[in-house]
Amino acid sequence: MSRSVLYASSPLLASKAPVWRSKFIVAAMALAFLGLAGRAAYIQVFGNAFFQRQGEVRFARTLELPANRGRILDRNGLILASSVVAPSIWAIPEDIDRDPAKLQQLARLLSIPLAELNRKIQDEDKTFVWLKRQVDESVALEIAALGIKGVYQRKEYKRKYPEGEAAAHVVGFTNVENIGQEGVELAFDKDMAGRPGSRRVIKDRLGRVVEDVGEQVPPVDGRDVQLSIDSKVQFFAYQKLRDAVHSHKAKAGSVVVLDAVTGEVLALANYPSYQPEKRQNLSGEQLRNRAITDMFEPGSTMKPITVAAALEAGRVTPQTIIETGPGKYSIGGFTINDTHNYGALTVEGVVQKSSNIGSLKIAQRMSPREMWDVYTALGYGQKPQLQFPGAVPGRLRPWKTWRPVEQATMSYGYGLSASLFQMAHSYTAFAHDGRIIPTTMLKSADPAPGVKVFSPQNAAAVRKMLQMAAGPGGTGQKAQTVGYSVGGKSGTARKQIGKSYASNKYRAWFTGMAPIDHPRIVVAVMIDEPSAGQYYGGAVAAPVFSEVVQQTLRMMSVQPDMAVKPQIVVQAAEESF
Amino acid sequence: MIRLNLVLLVAVVVSALYLVHMQFESRQLFVELEKAAAEARRLATEHDRLQVEKRAQATPLRVEKLARDQLKMRTTTPAITQYVPLPASRASEGAR
């Protein structure tokens, strides 16, 4: 008989498993689920913040949204300064693919010698090296096309100054970080800078922005600044000044053009100047905004002011006779000279002939305090109210310390000092019917009210003297223009070097206005150390004044107030057969 | 009961997949939007650059040079200018 195994009745099956085992398994499973639930609760509820943060660290990025720097515009809305994209090139030396041919090309594009490029990327421990900051966009594209490993670009902005050197001193410039350093760029830096914004985003694996998270702070762009400068007048003034400085072999020069009605600065030029975009090897000589930072003794330009003060105080009339002979005058141990012996002159004649003795005799009819009051009211010794860095106040000593000889010399402009801008500003009192007006660099349409210094009649009387001074028999005849009546005062002064006056170094200038009856502009010209023979203000500075006035009034469409022989044929005569 | 549950289960799964799809779609669109915005910014800066360029080509120095050399023009003087008075109605405007 065969023995078969009966599986169905295996004793193993018959053995009863203990119930606790199955319960144990169920309990273990339940525990595992409980563990999962607990973990889920921990992640979702208790530790939520931590995990959220970790997630964000991996995918969320804060992007900086740069604000655009405002532009600088001239009075007609033409651009004087604007920002353009100029990428900066940087590298990680360790990663650079050192293929000599490509590096050669890179050096050429960056326009630096290959040796310098190699030196920059030599140190492999560095993780960041600027190769060149702010290259042109086209160059940056070519560099990107080279595709050198380890060379990167960063988007930056650079200022462009289309007017170049003509407006350099007014506009100024920014540094590589786009912060104003000079001129209007510095003075209005806060307005133009704007505020950068930011946004928080989620980036995907490929670096693309896929979602905004949280709040966005939009960037606030900088404000555009519209100046009172007229770029055409500015250019013209600069050009004429440059030509004059060259032809007279002078060291430097400045021109200031003010609107006599609104007090706006139409042009402010200095020579030597500089290219604001290429500022390597700049000297202080070029950088200095002479018209407002250099102070010097105003010399003869002060005479009309002294005379106006005496007229206003009622001590003289325009026709009062002043004896200036014999051309020499001793006071307090000093001798004061005129260039010629003019004999007896009227007050008008004193200004016209620019007699030192005449003006000191007029000044002697006033007290020091009266003179000081007028000088101060005209802005001498005070910082000009101009939104511009570096303006000097000039020097005017308190009247109590004036000795008689000083009062005498001050009457013709020695013993006090002022900038060319202050001189131009003080003449607005004559141009604006006796009221000195505040000047501004910003465009303003309204006529300035001004503060009364002289009566309108006295201002008109001084204007007439200025016209005579620029006319036949005056010192500034070369200031004449075609069609426009001008008035102004020339000045020539020996330069003070140390404690004494140099014998062969002069400053020449001319300050005046046009058209003389209702002046629209006040122009001041200064030429420093003309050394080509001529050095008188009437010979060196007056021609520049004349050309600037002629062009400026033409550009302002001011109708000529003097008869001009017309050279145009209004109607062509009909030809007869 | 079981049938209802199954239907609901299917509904949940479909809805979840749809949600994922929509999220994906929205991100795609967002990326497009970003691209367009970046392009707009690029064009704006390009516009600025070109304006500066245009201005640089029209500086008084250049204009004067071209006018003098190529067009043989010269500066006017009052002697060759005819001044026409403004009509009375427009005089007040012109005076401003």
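Residues numbered from 1 in each chain as written. Chains lettered and ligands numbered in written order. Predicted model: local features only at pLDDT ≥ 70, side-chain atom pairs only at ≥ 80, totals over all residues. Heavy atoms only, no water.

### Side note on the side chain of His169(A)
Residue and element names in this part refer to chain A. Take His169: it is sitting in helix α7 (residues 168-171). The class of His169 is buried, set by a relative accessible area of 5%. Looking at His169, its side chain comes within polar contact range of the main-chain oxygen of Arg288, at 3.2 Å. What His169 contacts, discounting residues up to four positions off in sequence, is Gly183, Asn270, Pro272, Ser273, Tyr274, Gln286, Leu287, Arg288, Asn289 and Phe388. (Helix = DSSP H or I, 4+ residues; strand = E, 2+ residues; numbered from the N terminus. Buried < 20%, exposed > 50% of the residue type's maximum accessible area, 1.4 Å probe, protein only. Polar contact = N/O pair within 3.5 Å; in protein donor to acceptor, adjacent residues only side chain to side chain. Contact = heavy atoms within 4.5 Å.)

### Description of the interface of chain A and chain B
A common way to express how large an interface is: the accessible area buried when the components associate. Taken together, the contacts link 38 residues of chain A with 26 residues of chain B. Taken over both partners, the interface formed by chain A and chain B buries close to 2,700 Å², and the fraction arising from carbon and sulfur atoms is 62%. Where chain A meets chain B, there are 4 salt bridges. Ionic pairing is found between Arg27(B) and Glu211(A), a salt bridge with its closest N-O pair at 2.9 Å. In this structure, the connection of chain A to chain B is made through 6 residue pairs in polar contact (both at pLDDT 80 or more). Looking at the side of chain A that touches chain B, the elements with two or more residues in it are β3 (79-85), β7 (157-160), β9 (209-217), α10 (231-247) and α21 (542-555) of chain A. Element by element, the count of residues in the side of chain A that touches chain B is highest for β3(A), at 6 residues. For the side of chain A that touches chain B, the class distribution of residues is 18 nonpolar, 9 polar and 11 charged. (Buried area = accessible area lost by both parts, 1.4 Å probe. Salt bridge = Lys/Arg side-chain N within 4 Å of Asp/Glu carboxyl O. Nonpolar A, V, L, I, M, F, W, Y, C, P; charged D, E, K, R; others polar.)

### Some details on the sheet that holds strand β20 (residues 500-514) of chain A
Residues and elements named next belong to chain A. Ordered by their spatial adjacency, 5 strands build an open sheet running β12-β11-β21-β20-β19, and the pairing between neighbours is antiparallel. Edge positions in the sheet fall to β12 (265-271) and β19 (487-497), since each has one partner strand and no second. Here the strands of the sheet are splayed against their neighbours by 10° on average, with no regard to which way each runs. Relative to strand β21 (residues 521-528), β20 runs antiparallel, the two sharing 8 bridges. Residue pairing for β21: Thr511 is matched across the bridge by Ala524. On the sheet, α21 packs against β11 (252-259), β12, β19, β20 and β21 and is oriented at approximately 145° with respect to β21. (Pairing = 2+ DSSP bridges. Axes fitted to C-alpha atoms, helices over the stretch in contact; angles between N-to-C directions.)

### A few points about empty space enclosed by the protein
Leftover empty space is mapped by rolling, across the atoms, a probe with the size of a water molecule. In the structure shown here, the tally under the stated rule is 1 cavity of 30 Å³ or more. For the largest cavity, the calculated volume is near 40 Å³. If you go around the largest cavity, the residues you meet are Val84(A), Val85(A), Glu137(A), Arg42(B), Thr45(B), Glu46(B) and Arg49(B). Only β3 of chain A together with α1 (2-57) of chain B provide two or more residues apiece to the lining of the largest cavity. Examining the composition of the lining of the largest cavity, we find that 4 residues originate from one element, α1(B), more than from any other. Each residue belonging to the lining of the largest cavity can be placed in one class, and the counts come to 2 nonpolar, 1 polar and 4 charged. (1 Å grid on protein atoms, 1.4 Å probe; cavity = no way out; pocket = protein on both sides within 12 Å on 5 of 7 lines; lining within 4 Å. Points joined across faces, edges and corners; volume = space filled by probe spheres on them.)

### A short note on the sheet that holds strand β4 (residues 88-91) of chain A
Residues and elements named next belong to chain A. With respect to topology, 3 strands assemble into an open sheet ordered β5-β4-β6, the strand pairing being antiparallel. Looking at the sheet topology across the chains shown, the edges are occupied by β5 (129-132) and β6 (151-154). Sheet twist, expressed as the mean angle between neighbouring strand axes with direction ignored, is 40°. In terms of strand pairing, β4 meets β5 through 3 bridges, oriented antiparallel. Directly across from Trp90, in β5, lies its bridge partner Trp130.

### Points about the environment of Glu64(B)
Within the secondary structure, Glu64(B) is located in helix α2 (residues 60-69). Spatially, the C-alpha atom of Glu64(B) lies 9.1 Å from that of Arg74(B), the residues being 10 residues apart in sequence.

### Description of the pattern of salt bridges
All names here are of chain A. On inspection of all chains with the given rule, the structure shows 36 salt bridges over all chains. Across the salt bridge formed by Asp136 and Lys158, the nearest N and O atoms sit 3.7 Å from each other. With Asp136 in the loop between β5 and α6 (137-146) and Lys158 in strand β7, this pair connects stretches of sequence that are 22 residues apart. Here Glu529 ties to Lys251 by a salt bridge, and the two come within 3.6 Å at their closest N and O atoms. Taken together, the residues Glu529 in the loop between β21 and α20 (537-540) and Lys251 in the loop between α10 and β11 connect sequence positions 278 residues apart. When salt bridges that share partners are traced, they join Arg69, Arg159, Glu185 and Asp189 into one network.

### Re the packing of helix α4 (residues 100-110) of chain A against α6(A)
Residue and element names in this part refer to chain A. Where α4 contacts α6, the axes come no closer than 10 Å and their chain directions differ by 175°. In terms of orientation, α4 and α6 fall into the roughly antiparallel class. Residues Lys102, Gln105, Leu106, Leu109 and Leu110 of α4 form the contact with α6, whose participating residues are Val139, Glu142, Ile143 and Leu146. A breakdown of the residues in the contact of α4 with α6 according to their chemical character gives 6 nonpolar, 1 polar and 2 charged. (Parallel < 35°, antiparallel > 145°, perpendicular 65-115°, else oblique.)

### Thoughts on the nonpolar core
Residues and elements named next belong to chain A. Of all hydrophobic cores here, the largest spans 84 residues; its most connected members are Val184, Ile305, Tyr375, Leu378, Tyr380 and Phe430. With 8 residues, helix α18 (residues 420-431) is the single largest residue contributor to this core. Among the nonpolar cores identified, the runner-up in size contains 35 residues, and Ala166, Val255, Ala470 and Val523 belong to it. (Core = buried A, V, L, I, M, F, W, Y, C linked by side-chain atoms within 4.5 Å.)

### Concerning a nonpolar patch on the surface
Residues and elements named next belong to chain A. Together, Trp20, Phe24, Ile25, Met29, Phe33 and Leu36 make up a nonpolar patch on the protein surface, roughly 750 Å² of accessible area in all. Position of Leu36 among the secondary structure elements: in helix α2 (residues 19-46). A relative accessible area of 57% places Leu36 in the exposed class. (Patch = residues over 30% accessible without salt bridge, like charges linked within 9 Å, V, L, I, M, F, W, Y side chains within 5 Å. Areas by Shrake-Rupley, 256 points an atom, 1.4 Å probe, with all protein chains shown as cover.)

### A short note on the packing of aromatic side chains
All names here are of chain A. For the coordinates displayed, the defined rule picks out 15 aromatic pairs over all chains. With a centroid separation of 5.5 Å and 10° between ring planes, the pair formed by Phe430 and Phe454 is classed as stacked. With Phe430 in helix α18 and Phe454 in the loop between β18 (451-452) and α19 (456-469), the pair connects residues that are 24 residues apart, well separated along the chain. For the pair Phe430 and Phe454, one class covers both residues: buried. (Phe/Tyr/Trp six-rings, centres within 6.5 Å; stacked < 30°, edge-to-face > 60°.)

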